Amino acid sequence: MDARDAAIAAKKYFQDTKTLTKFIFETVSAKRDADNWVVICLVQDLFEDESKKFRLIVNGEGEIMEVEMLDKSPI
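Definitions and limits used
Residues numbered from 1 in each chain as written. Predicted model: local features only at pLDDT ≥ 70, side-chain atom pairs only at ≥ 80, totals over all residues. Heavy atoms only, no water. Helix = DSSP H or I, 4+ residues; strand = E, 2+ residues; numbered from the N terminus. Buried < 20%, exposed > 50% of the residue type's maximum accessible area, 1.4 Å probe, protein only. Contact = heavy atoms within 4.5 Å. Phe/Tyr/Trp six-rings, centres within 6.5 Å; stacked < 30°, edge-to-face > 60°. Pairing = 2+ DSSP bridges. Patch = residues over 30% accessible without salt bridge, like charges linked within 9 Å, V, L, I, M, F, W, Y side chains within 5 Å. Areas by Shrake-Rupley, 256 points an atom, 1.4 Å probe, with all protein chains shown as cover. Salt bridge = Lys/Arg side-chain N within 4 Å of Asp/Glu carboxyl O. Lys, Arg positive; Asp, Glu negative; His and termini not counted. Core = buried A, V, L, I, M, F, W, Y, C linked by side-chain atoms within 4.5 Å.

Novice: It is not clear to me how unusual backbone geometry should be interpreted in this structure. Could you clarify?
Specialist: Only a minority of non-glycine residues have a phi that is not negative, and only a minority of peptide bonds are not trans. In this structure, A34 is a non-glycine residue whose phi angle is positive, near 60°. Here A34 shows up in the loop between strand 1 (23-33) and strand 2 (36-45).

This is how it looks when you write it as structure tokens:
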């Protein structure tokens, strides 16, 4: 798994959870941390003005281990 695969796994998480039906997904960063990837992303529902910032931990198999919403302040 590389950074691109980790970012795709993070986006797929939001698609699969069905909490958002139509959204914009933007990867801010994807960095390796030991055996996992830390993906920081912005997710914006098409019907909202502001995006929300998330941190996801993705393991080497592409499985989401942790999801945390970060503050809404700009990057």
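After that view, the rundown keeps rolling.
Novice: Quick question: what am I supposed to make of the environment of K11 here?
Specialist: On the secondary structure map, K11 appears in helix 1 (residues 3-17). On the basis of relative accessible area, K11 is assigned to the partly exposed category, the value being 36%. K11 has contacts with F23 and F25, leaving out every residue within four places of it along the chain.

Novice: Please explain the packing of aromatic side chains as it appears in this structure.
Specialist: For any pair of aromatic rings, the description rests on two quantities: the centre-to-centre distance and the angle between the ring planes. Applying the stated criterion across every chain, the model contains 4 aromatic pairs. Aromatic side chains Y13 and F14 sit 5.2 Å apart centroid to centroid with 80° between the ring planes, which places their arrangement in the edge-to-face category. On the accessibility criterion, Y13 (27% relative accessible area) is partly exposed. F14 sits in the buried class, given a relative accessible area of 4%.

Novice: When you look at the pairing of strand 2 in this model, what are you seeing that I'm missing?
Specialist: Consecutive side chains along a regular strand alternate between the two faces of the sheet. When you tally the buried positions in strand 2, you get 8 out of 10 residues, the bulk of the element. With 10 bridges connecting them, strand 1 and strand 2 associate as antiparallel partners. Across the sheet, the residue bridging to K31 is V38, located in strand 2. Linking strand 1 back to strand 2 in an antiparallel pair, the connection comprises 2 residues, with A34 at a positive phi of about 60°. By the bridge criterion, 7 bridges tie strand 2 to strand 3 (residues 52-58) in an arrangement that is antiparallel. Bridge pairing links W37 to V58 in strand 3.

Novice: Please clarify how a nonpolar patch on the surface should be interpreted in this entry.
Specialist: On the surface, a cluster of nonpolar side chains totalling about 350 Å² of accessible area is made up of I24, L46 and F47. Along the chain, L46 turns up in the loop between strand 2 and strand 3.

Novice: Got a minute to help me understand the side chain of D45 in this structure?
Specialist: Tracing the chain through its elements places D45 in strand 2. For the buried residue D45, which engages in no salt bridge, the nearest side chain bearing the opposite charge is K52, 7.1 Å off.

Novice: Would you take a moment to explain the nonpolar core for this structure?
Specialist: The nonpolar side chains of a soluble globular protein tend to be buried with one another. Counting residues in hydrophobic clusters, the biggest one holds 13 residues, and the most contacted among them are F14, F25, C41, V43, F54 and L56. When contributions to this core are tallied by element, the ones reaching two or more residues are helix 1, strand 1, strand 2 and strand 3.

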